[in-house]
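Observations on the three-dimensional arrangement
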Amino acid sequence: IHPVKTYGLKFSLNGKTVGLLTDTRNFDQLAKFYGVDILIAGVVFPQPRTGIDHLSLADLRAILPSLKPAKTILTHFGLGMLKANPRLCAQNLSRELGLEVIAATDGMTLQL
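None of these values were measured; they are calculated from a predicted model.

**Some details on the pairing of strand E2 (residues 16–21)**
If a strand is regular, its side chains alternate between the two faces of the sheet. Looking at chain direction, strand E1 (residues 9–13) and E2 are connected through 5 bridges and run antiparallel. Paired with phenylalanine 11 across the bridge in E2 is valine 18. One ladder, built from 4 bridges, connects E2 with strand E3 (residues 38–42); its direction is parallel. Each bridged residue has a counterpart across the sheet, and for leucine 21 the counterpart in E3 is alanine 41.

Right, dumping it as structure tokens:
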């Protein structure tokens, strides 16, 4: 759900599924689609913003327990997320949920 067309993607690579959760507002079917081993999630804001259709860290916190990906990579940070320190946010989310969550960095690569 976004004012312009966006596409979420799922890939099967080396026996693993990788999902790219792009610009969207949270909605019920979102968690059903993204049952993947590795989730790359765009989290623009720490908290949802009324009238802005982007996923927030709080939204992701709510859906990750049902998804239980082996690894989640946070990316696509807005200024609010940058001020909140994405690396620290990822560490806190990992600790809270007992799941591996990391914050993407410029130039980061991921071995699959």
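**Here's the deal with the environment of alanine 62**
Structurally, alanine 62 can be placed in helix H2 (residues 57–67). Along the primary structure alanine 62 and valine 101 are separated by 39 residues, whereas in three dimensions their C-alpha atoms are 14 Å apart.

**Points about the sheet that holds strand E5 (residues 101–103)**
Think of a sheet as strands paired side by side through backbone hydrogen bonds, with each pair either parallel or antiparallel. One open sheet holds the 5 strands; their spatial order is E1-E2-E3-E4-E5, and the pairing between them is mixed. Two strands in the sheet have a free side with no partner beyond their single neighbour: E1 and E5. Each adjacent strand pair in this sheet contributes to an overall mean axis angle of 20 degrees, direction not counted. Contacts from helix H4 (residues 86–97) reach strand E4 (71–75) and E5, with the element oriented near 180 degrees to E5.

**Considering the nonpolar core**
Of all hydrophobic cores here, the largest spans 22 residues; its most connected members are Leu21, Leu39, Leu60, Leu64, Leu67 and Leu74. When contributions to this core are tallied by element, the ones reaching two or more residues are helix H1 (28–33), E3, H2, H4 and E5. By residue number, the principal contributor to this core is H2, which donates 5 residues. Setting aside residues up to four positions removed in sequence, leucine 60 forms contacts with Leu39, Ala41, Val43, Leu55, Thr72 and Leu74.

**Side note on the pattern of salt bridges**
Counted under the stated rule, the structure contains 2 salt bridges. Its salt-bridge partner being glutamate 100, residue lysine 71 comes within 3.6 Å of it at the nearest N-O pair. One end of the pair, lysine 71, is in strand E4; the other, glutamate 100, is in the loop between H4 and E5, and 29 residues separate them in sequence. The class for glutamate 100 is partly exposed, based on a relative accessible area of 38%.

Reading the values: the criteria
Residues numbered from 1 in each chain as written. Predicted model: local features only at pLDDT ≥ 70, side-chain atom pairs only at ≥ 80, totals over all residues. Heavy atoms only, no water. Pairing = 2+ DSSP bridges. Helix = DSSP H or I, 4+ residues; strand = E, 2+ residues; numbered from the N terminus. Axes fitted to C-alpha atoms, helices over the stretch in contact; angles between N-to-C directions. Contact = heavy atoms within 4.5 Å. Core = buried A, V, L, I, M, F, W, Y, C linked by side-chain atoms within 4.5 Å. Buried < 20%, exposed > 50% of the residue type's maximum accessible area, 1.4 Å probe, protein only. Salt bridge = Lys/Arg side-chain N within 4 Å of Asp/Glu carboxyl O.

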